[in-house]
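# Chain and residue survey
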Amino acid sequence: MLLKVWYHISFAGINPNNNAVSTRSLVLSNQMSATLMLLTLCLLFAMWLLFPENTVMLSWLSVLAFSLTFGVFLNSRGHTKFSQYLLSSGLPLMLLVSTIHSKLHHPLMIHEGSYYNPRFFLIGLSFVPLVVFDLRQRTALMISLTLNLGILVLYNPLHRWAGASPENIGLGDVDLTFVSVASSSAAAAIVLGMIFLKRANFRFENRISDLLKKTSHQNDELTAGIRYARKLQESILSKDVICGAANDQAALFLKPKDVLSGDFYYCEERSGKIVIGVVDCTGHGVPGAFVSIMAYRALRAAVEADEMLNPATILDLTNVQFQKEFNTSQSQMNDGMDVSLCVIDPVAKTVDYAGARGLLFLWQNNQLHTLDVDRRSIGEPSIHAFHRHHIKYNSGDVLFLSSDGFPDQFGGLGDKKFGKPRFRKLLSELANYPVNIIASRLMHVLQEWKGDTEQTDDICLVAFRLK
């Protein structure tokens, strides 16, 4: 419980937009205030139980506890100056005044050796200003350091001036002078060492801060460029409304792994027929996006070149154009694409289809049928042509065209793939849903399956209810 309170207090009132060095100094100041406050409260309670007659110690501990608590309260409101000055200058002054007050008014309750004890605390407190202030706060640093060292140097004269010099313990001026010089020298050595280390650390942190700002700026520019590239990709690859969506005939689920996608859908009405396809390009992100634009150009050119709208011929032409664009035989690049392509004739109620490793399903007669596709991708050299398939359909049947992103998604118990059997079962359930809620249902299942697991690949799925 105390650790939670300490942690909350340490970061209260800190503005994360501040300079990293300033933020660290403020956090250290808060942490020191919180630590001293909790320790003082615990000590005060223990002293009250064990030595209730020692009113001197109880009084000064109460003053210290109140000051630290008030400082912590101000810290939580974003006003950290009080705590900084209390820690850097207030504590040494309070220690000096408390020893003088105790020796003057309660000499019987003060041990002779306690005349020296405060010096050890003052030596320890001498470097506190370098902790709670950063080096740019020169005025506050100089005032606090001068005050702390001055208290050590003038410790004896101040006690003598106040009439609290320990004449009764029989120490001569030489010994007292030696103690003052020794303690002041120790404090000065600590301060000089801290200043040296702080300056080196300050330069290092400033350099890191500059690099982070530069990297952040470059990252912002890169992110803005990728987002703009996403808009360009969307304007090139897809239309505002997929064919048939206007009359609740089609549903699209497109979820890139990153901002840019290597998956896309193709939909066009030509000569009274609907050409629809889903394309899964090699890779994702920026590389996948570049490949997808090349693939789209090749596929569209092939559709325009084949007046008969034979899906197998379209894939053959796309393959030739794609290999020409990438010159894969010489560059030995592994770029390619998996395609599911259908040509729907609403008048004849037929579907001609061909595939290059794509996923293609037909929901018909309350059963989900996996449609045959060629087991090679666009971009792979081959002497064989793609195969054309022809089927008749009934009104209400549903075509599913998909990339492999959804079945390859990891998640669930054991962090395993969603898998094609589970994917087929999901599509069978979706076939009975209205088209306009299929995409939301897919998103729900995906999020539930993957949980906190990173998305494995781009996902693109088109559900088309045939009429």
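Residues numbered from 1 in each chain as written. Predicted model: local features only at pLDDT ≥ 70, side-chain atom pairs only at ≥ 80, totals over all residues. Heavy atoms only, no water.

Before going further, it helps to spend a moment on the sheet that holds strand 4 (residues 337-345). Read across the sheet, five strands follow the order 2-3-4-5-8 without closing on themselves; strand pairing throughout is antiparallel. Among the strands making up the open sheet, the edge pair consists of strand 2 (263-270) and strand 8 (389-392). On average, each strand axis in the sheet is tilted by 15° relative to the strand beside it, whichever way the strands run. Inspection of the sheet shows strand 5 (residues 350-356) paired to strand 8 by four bridges, in the antiparallel sense. Following the sheet pairing, Tyr353 is matched in strand 8 by His389. In the packing of helix 10 (residues 285-305) onto the sheet, contacts are made with strand 2, strand 3 (273-281) and strand 4, and the angle to strand 2 comes to roughly 20°. (Pairing = 2+ DSSP bridges. Helix = DSSP H or I, 4+ residues; strand = E, 2+ residues; numbered from the N terminus. Axes fitted to C-alpha atoms, helices over the stretch in contact; angles between N-to-C directions. Contact = heavy atoms within 4.5 Å.)

Here we come to the packing of helix 10 against helix 11 (residues 311-326). Relative orientation of the contacting elements helix 10 and helix 11 amounts to 135°, with a least axis distance of 8 Å. Here helix 11 runs oblique to helix 10, going by the angle between their axes. Handedness of the crossing formed by helix 10 with helix 11: right-handed. Taking contact as the criterion, the partners of Val291, Met294, Ala295, Arg297, Ala298, Leu299, Ala302, Val303 and Ala305 in helix 10 are, on helix 11, Ile314, Leu317, Thr318, Gln321, Phe322, Glu325 and Phe326. Across the contact of helix 10 with helix 11, the residue classes tally to twelve nonpolar, two polar and two charged. (Parallel < 35°, antiparallel > 145°, perpendicular 65-115°, else oblique. Left-handed = near helix turned anticlockwise from the far one by under 90°. Nonpolar A, V, L, I, M, F, W, Y, C, P; charged D, E, K, R; others polar.)

What follows concerns the packing of aromatic side chains. A full pass over the atoms with the stated rule returns nine aromatic pairs. Taking the centre distance of 6.4 Å and the plane angle of 10° together, the rings of Phe66 and Phe70 count as stacked. Remark: Phe70 and Phe66 occur in helix 3 (residues 55-76); sequence separation between them is four residues, near one turn of the helix. On the accessibility criterion, Phe70 (37% relative accessible area) is partly exposed. With 6.1 Å between their ring centres and 70° between their planes, Phe361 and Phe423 make a pair best called edge-to-face. Placement of the pair is Phe361 in strand 6 (residues 359-364) and Phe423 in helix 13 (residues 420-430), with a sequence separation of 62 residues. We note that Phe361, like Phe423, is buried. Through pairs of rings, three or more aromatic residues link up here, namely Phe361, Phe406, Phe418, Phe423 and Trp449. Over the face of the ring belonging to Phe386 we find Arg376, whose NZ or CZ atom lies 3.9 Å from the ring centre. (Phe/Tyr/Trp six-rings, centres within 6.5 Å; stacked < 30°, edge-to-face > 60°. Buried < 20%, exposed > 50% of the residue type's maximum accessible area, 1.4 Å probe, protein only. Lys NZ or Arg CZ within 6 Å of the ring centre and 35° of its normal.)

This paragraph deals with the pattern of salt bridges. Enumeration according to the criterion identifies six salt bridges in this entry. Its salt-bridge partner being Glu454, residue Lys257 comes within 2.9 Å of it at the nearest N-O pair. Here Lys257, found in the loop between strand 1 (250-255) and strand 2, pairs with Glu454, found in the loop between helix 14 (438-450) and strand 12 (459-465); they are 197 residues apart in sequence, far enough to count as distant. When its relative accessible area of 21% is taken as the criterion, Lys257 is described as partly exposed. A salt bridge links Arg388 to Asp352; its shortest N-O distance comes to 2.9 Å. With Arg388 in the loop between strand 7 (367-370) and strand 8 and Asp352 in strand 5, this pair connects stretches of sequence that are 36 residues apart. We classify Arg388 as partly exposed; its relative accessible area is 46%. (Salt bridge = Lys/Arg side-chain N within 4 Å of Asp/Glu carboxyl O.)

It is worth spelling out a nonpolar patch on the surface at this point. Judged by side-chain polarity, Phe45, Trp48, Leu49, Leu50 and Phe51 come together as a nonpolar surface patch covering roughly 590 Å² of accessible area. Take Phe45: it is sitting in helix 2 (residues 20-50). (Patch = residues over 30% accessible without salt bridge, like charges linked within 9 Å, V, L, I, M, F, W, Y side chains within 5 Å. Areas by Shrake-Rupley, 256 points an atom, 1.4 Å probe, with all protein chains shown as cover.)

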